[in-house]
Amino acid sequence: MACQSVAAVMDEQALLGLNPNADARYRQRAMAYFEQLKESQDAWEVCAEALAKGIYNDDHVKFFCFQVLEHQIKFRHAGLSAVQQQLIRETLMKWLQCQLMNNQPEKPFIRNKAAQVFALTFVMEYLTLWPKFFFDILSLVGLNPHGVDIYLRTLMAIDAEVVDRDILHSPEETRRNTLIKDGMREQCIPHLVESWFQILQTYQQSHPELTCQCLEVVGAYVSWIDLNLIANDRFVNLLLSQMSVEELREEACDCLFEIINKGMDPVDKTKLVESLCQVLQSAGFFNVEQEEDVDFLAKFSRLVNGMGQSLVLSWTKLAKAGNVKDAAETLQAVEAKVPLLLQLLVHEDDDISANIVGFCYEYLHVLKQLPQLTDQQKTNIEAVMLAVMKKLTYDDEYNFENEGEDEAMFVEYRKQLKMLLDRLAQVSPELLLEAVRRVFTNTMQNWQTAPFMEVEVAIRLLYMLGEALPASHGAHFSGDTAKTSALQDMMRTLVSCGVSSYQHSSVSLEFFETVVRYDKFFIVEPQHIPNVLMAFLDQRGLRHNSPKVRSRVAYLFSRFVKTLHKHMNAFIEDILTRIQDLLELAPPENGFLAMLTSDDQLFMFETAGVLIVNSECPAERKQALMRSLLLPLMDVFRLLLAKLLQETEEERQASLADCLSHAVGFASRTSKAFSNKQTVKQCGCTEVYRDCMQTFLPALSCPVQRGVLRSSVRSFLHRMIICLEEEVLPFVPAASEHMLKDCEAKDLQEFIPLISQITAKFKRQVSPFLQQVFMPLVLAIFEVLARPAEDNDQAAALEKQMLRRSYFTFIQTVTGSGMNEVMANQGDLFDVLVFRSRKHRAQDLLHHPLQAGGKDGMVGFPDFIYKHIVPACFLAPLKPTFDLSDAQTVLVSFCTREYLPSLQVSPEISQELCQVIQQPDIKVLKNYIKVRKSVRLNCIIFIQNVALIYFYWMDGWF
């Protein structure tokens, strides 16, 4: 032993820092002491002695000692001497012996930590040093309740270390765990099972908490031990008796569930499930309606679900194997469970119902595979349908305006029920369609007096049919006559019975959702469009008293109009008049709460644009309508921009900037109605959008809130490039100049796609502008990349990485658009590209600019990069003869002898080029490029890229 007196050796001052209330100085000293004990070869032994002798009463010190011991076992066990390993075993057994004599057990957190240490020791030593681990513990603890508690906790800790599939293990650990389980099966599992039986029998009355622990252990171990040790009359009868004990019944249910879930032969599984069901039914557990304990019923429902799914799996295996007789018997066993399934599925408690959905789904899948359904099976299907329809119904306590956790759980539960409905449609679409039609029709006839939940679920069922009964591109009203006739009847009833006036938000939402789901109905029967439009536009929809309804209806109205705008020509100006107040930009200072949020207004502006653009009125009228739509935005924008320039309060500035951003976004959203320049011209709207650009562009020079304003104007320019094409070009230079001033990495990252879009679309048409903006852009990029940042600032590092990627993409766009001369004509470009690019990652270079030749690029260049340069980057340094100082010679030799001749480059140019590359002064290469402009521009690009690779190589990147 490393110490004579623990009290003298242990750092008492450090131990004070283990108390959660200790000050920072003591806590730091405790941490340092912990590290000292962990790393020492033998200092940890003082902790072992403290545990063995029970020297400390402080719980935190005991936990600390176990932590030190845990570290030695987990990380340093192999390096311990045989004496030290024996010391650990003795310490644990002495500590356990002390627990048997204590009047009060240790705190749960100490017992759990002790169990972890026992389990780690078992894992390390069971196969070699301590094969009698379980026998030693069992002989010591006997049936002492304190000892049994530690024993059971240790078993669960061993399960976590050796068996639990949710914990990832290395291949070596997996092999070790397999050997441990094999050894346990051979040596001690029967003894462990016997100890479990004795514990369950002894303590079910006096110590129910120990019995529950033991049931949990049985459930955990049954998956990999011999099932006959558990699934026998003695053990099962004991478990069933505990199903009647209130404190034990839930754990007993879970234990039986694990037994049922064990993989086995399908015939044997059917026999096991049937024998268990017979006993449970005889004991009265199938009388669900008489049981009031919903927590137990939730567990019982899970058990029944497990039994049902096990039978279905057995039937599937037997049917696939062609075992007709056993498959028929198993199917009969499945059918016999359906009445119990239905009782649980329709139970008023959703947890109980949700736990049986899996079995119900699998049962319907079985019916789908049968060649013909019996009358009883059809009856079962109808019963499941009715149960699903009933359970889809909201209860009175659902809070629609402030949905919380309970509401979220019900939404998820509804999704499970929808899966059942979809499966029902696959099994018998005719039965489902008829059942929904019956419920829907009956409810709509009396919607004025029916509770909201009944009305909502009736419409919801009609909505769900849209997915349950598949149709190509929503064409539910063509094809199968029976289906289309039923759906048309229901839709006709929905839009004409007046249910849209029902005063409940859930009904209102479901009405509009269903109308849009079946918008093709209005193509078949367009006479209903006016009534539905009014529902959208009045207090039933966009002016509903619920913000949630208004918000959703704004989106749905947009979809409705996009589909049916051809049928709305007679109503367009009326619609625009009715929604005019909903299109107003709400300045932050007005103080009133807007009907729609800015996100909702985006949909409204898009809807207005679609109506105007697709109307049949003359171009002059379309232009007038579009101007009347956008002019208020421009007026407010000028006013707010002027206020922003004068505002000094930062919070107020942010509000004004957001409002300005919304104005630009709204104008941009209206342009989604246009597909290209031709439609803009046809509508006579070119001038309107040019006015918008002239109004919005001054925001780029605003000295405050630049990020928000620049982002919105950039997005608008993206849209205008699509809609106006070359009409937008006169605005680009000034916009670019402003956006390159005082910019951050994110600004540039967002600006580059705009320039790339212009380059790719207009190509040589913008060459003069591109040559003008190229160097300022490149310099701005490298200026931002060169800014120092904290080493641990991951956000800044990511922004720079994305900026580099955008930069290389831009270079690729320029060269791919056939405008290599833009780079070739830049006087200082090469200095920037070579020397500043050296600071950035080689993989960015390889992935982006080396693909920049485009379709007109140098023949074979991509092959050169991927077949020669990339492999060389990895293979060359691995060679024993590799010398970084000689990389230049290797590169020159390869270019001279192999690569350049393969491209039909003349020997004179090849020699000249290679001589230049060998020069130590980069200015020589730079001047060569300027002088040799007779060399093809693509060759210049090649030289640049090879030089970049070379300098990366010399910098040690490769």
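Residues numbered from 1 in each chain as written. Predicted model: local features only at pLDDT ≥ 70, side-chain atom pairs only at ≥ 80, totals over all residues. Heavy atoms only, no water.

Per an unreviewed UniProt entry, the recorded name for the protein is Exportin-T, and the organism is Dicentrarchus labrax. UniProt, in the comment section headed Function (unreviewed entry), describes the protein in these words: "tRNA nucleus export receptor which facilitates tRNA translocation across the nuclear pore complex." (UniProt positions renumbered as here; feature names shortened; annotations may be inferred.)

Trainee: Could you give an account of the overall build of the protein, with specific residues and numbers?
Mentor: A count of helices and strands for the protein gives 48 helices and 0 strands. Among the 958 residues that make up the protein, the fraction classed as buried is 52%. Put simply, 74% of the contacts in the protein that link residues at least 6 apart link residues at least 24 apart. In the form shown here, the protein has an accessible surface area of approximately 44300 Å², with 51% of it arising from carbon and sulfur atoms. (Helix = DSSP H or I, 4+ residues; strand = E, 2+ residues; numbered from the N terminus. Buried < 20%, exposed > 50% of the residue type's maximum accessible area, 1.4 Å probe, protein only. Contact = heavy atoms within 4.5 Å. Areas by Shrake-Rupley, 256 points an atom, 1.4 Å probe, with all protein chains shown as cover.)

Trainee: Account for the nonpolar core, naming residues and giving values.
Mentor: The biggest cluster of nonpolar side chains holds 295 residues, and the ones touching the most others in it are Met-184, Trp-196, Met-243 and Phe-300. Apart from residues lying up to four places away in sequence, Phe-300 is in contact with Met-243, Cys-253, Leu-280, Phe-285, Phe-286, Val-288 and Leu-340. (Core = buried A, V, L, I, M, F, W, Y, C linked by side-chain atoms within 4.5 Å.)

Trainee: Account for the packing of aromatic side chains, naming residues and giving values.
Mentor: One pass over the full model with this rule turns up 41 aromatic pairs. With a centroid separation of 5.1 Å and an interplanar angle of 90 degrees, the aromatic rings of Phe-133 and Phe-134 are classed as edge-to-face. Accessibility expressed as a relative area gives 1% for Phe-133, which makes it buried. When its relative accessible area of 2% is taken as the criterion, Phe-134 is described as buried. (Phe/Tyr/Trp six-rings, centres within 6.5 Å; stacked < 30°, edge-to-face > 60°.)

Trainee: Could you give me a rundown of a negative patch on the surface, with the residues and numbers involved?
Mentor: A cluster of like negative charges, contributed by Asp-395, Asp-396, Glu-397, Glu-405 and Asp-406, occupies part of the molecular surface. Topologically, Glu-397 is positioned in the loop between helix 21 (375-391) and helix 22 (405-427). A relative accessible area of 71% places Glu-397 in the exposed class. (Patch = residues over 30% accessible without salt bridge, like charges linked within 9 Å, V, L, I, M, F, W, Y side chains within 5 Å. Salt bridge = Lys/Arg side-chain N within 4 Å of Asp/Glu carboxyl O. Lys, Arg positive; Asp, Glu negative; His and termini not counted. Charge placed at Lys NZ, Arg CZ, Asp CG, Glu CD.)

Trainee: Just give me the short version of the packing of helix 36 (residues 706-724) against helix 37 (residues 732-739), but keep the residues and values in it.
Mentor: Two elements in contact, helix 36 and helix 37, have axes whose closest approach is 12 Å; the angle formed by their N-to-C orientations is 155 degrees. Considered as vectors, helix 36 and helix 37 are oriented roughly antiparallel to each other. Helix 37 is crossed by helix 36, and the crossing has left-handed handedness. Residues Arg-710, Arg-714 and Leu-717 of helix 36 pack against Ala-735, His-738 and Met-739 of helix 37. Per-class residue counts for the contact of helix 36 with helix 37 are 3 nonpolar, 1 polar and 2 charged. (Axes fitted to C-alpha atoms, helices over the stretch in contact; angles between N-to-C directions. Parallel < 35°, antiparallel > 145°, perpendicular 65-115°, else oblique. Left-handed = near helix turned anticlockwise from the far one by under 90°. Nonpolar A, V, L, I, M, F, W, Y, C, P; charged D, E, K, R; others polar.)

Trainee: Describe in detail the layout of surface pockets, supporting the description with residues and values.
Mentor: Gaps between atoms show up when a probe of the same size as a water molecule is rolled over them. Approximately 560 Å³ is the volume attributed to the largest pocket. Around the largest pocket, the lining is made up of 21 residues, and of these Glu-348, Asp-349, Asp-350, Asp-395 and Phe-410 lie nearest the centre. Contributions of two or more residues to the lining of the largest pocket are made by helix 19 (350-354), helix 21 and helix 22. The biggest single contributor to the lining of the largest pocket is helix 22, with 7 residues. Considering only residue class, the lining of the largest pocket consists of 7 nonpolar, 3 polar and 11 charged. (1 Å grid on protein atoms, 1.4 Å probe; cavity = no way out; pocket = protein on both sides within 12 Å on 5 of 7 lines; lining within 4 Å. Points joined across faces, edges and corners; volume = space filled by probe spheres on them.)

Trainee: Explain the side chain of Thr-813 to me, and be specific about the residues and the numbers.
Mentor: Positionally, Thr-813 belongs in helix 40 (residues 794-816). Note on Thr-813: relative accessible area 16%, which makes it buried. Aside from chain neighbours lying at most four places away, what touches Thr-813 is Ser-756, Thr-759 and Ala-760.

Trainee: Can you tell me about helix 22, naming the residues and giving the values?
Mentor: With 23 residues, helix 22 extends 34 Å from end C-alpha to end C-alpha; this agrees with the ideal 33 Å at 1.5 Å per step. Among the residues of helix 22, Glu-407, Phe-410, Tyr-413, Arg-414, Leu-417, Leu-420, Leu-421, Asp-422, Arg-423, Leu-424, Ala-425 and Val-427 are the ones counted as buried. Here the buried face of helix 22 lies against helix 18 (338-345), helix 19, helix 20 (357-369), helix 21, helix 23 (429-445) and helix 24 (452-468). (Expected span 1.5 Å × (residues − 1).)

Trainee: A description of the environment of Ser-139 should follow, citing residues and the corresponding values.
Mentor: Note that Ser-139 resides in helix 8 (residues 133-141). A distance of 2.9 Å separates a polar atom in the side chain of Ser-139 from the backbone oxygen of Phe-135. Among the polar contacts listed, one links the side chain of Ser-139 to the backbone oxygen of Asp-136, at a separation of 2.9 Å. (Polar contact = N/O pair within 3.5 Å; in protein donor to acceptor, adjacent residues only side chain to side chain.)

Trainee: Now, about helix 10 (residues 171-187): what can you tell me, with residues and values included?
Mentor: With 17 residues, helix 10 should cover 24 Å at 1.5 Å per step; its first-to-last C-alpha distance of 24 Å lies within 8% of that length. Of the residues making up helix 10, those classed as buried are Asn-177, Ile-180, Lys-181, Gly-183 and Met-184. End-on, the buried residues of helix 10 take up no more than an arc of 160 degrees, which puts them together on one face. Exposed side of helix 10, more than 90 degrees from the buried face: Pro-171 and Glu-186 are the residues found there. For helix 10, the secondary structure elements touched by its buried residues are helix 7 (108-125), helix 8, helix 9 (145-162), helix 11 (189-203) and helix 12 (208-221). (Arc of directions from axis to C-beta.)

Trainee: Describe the packing of helix 38 (residues 745-762) against helix 40, and please don't skip the residues or the numbers.
Mentor: Packed helices, taken two at a time, are described by the angle their axes make and the gap between the axes. At a minimum axis distance of 9 Å, the contact between helix 38 and helix 40 shows a crossing angle of 15 degrees. In terms of orientation, helix 38 and helix 40 fall into the roughly parallel class. When the axes of helix 38 and helix 40 are compared, the crossing they make is left-handed. Contact residues: Ala-745, Lys-746, Leu-748, Gln-749, Ile-752, Ile-755, Ser-756, Thr-759 and Ala-760 in helix 38; Glu-799, Met-802, Leu-803, Ser-806, Tyr-807, Phe-810, Thr-813 and Val-814 in helix 40.

Trainee: Tell me about the environment of Ser-508, and name the residues and values.
Mentor: Mapped onto the secondary structure, Ser-508 falls in helix 26 (residues 505-517). When its relative accessible area of 2% is taken as the criterion, Ser-508 is described as buried. Sequence separation between Ser-508 and Arg-550 is 42 residues; the distance between their C-alpha atoms is 10.0 Å. Once residues within four sequence positions are removed from consideration, Ser-508 is found in contact with Tyr-502, Arg-540, His-544 and Val-549.

Trainee: An account of the confidence of the model for the protein is needed here, citing residue identities and associated values.
Mentor: Looking at the protein as a whole, the pLDDT averages 86, with 85% of positions reaching at least 70. Low confidence marks residues 838-857, where pLDDT is under 50. Its contacts with residues over four positions away, or in another chain, come to 49 contacts. For residues 947-958, every residue scores under 50 in pLDDT, and the model assigns this stretch 41 contacts once sequence neighbours within four places are set aside. (pLDDT = per-residue confidence, 0-100.)

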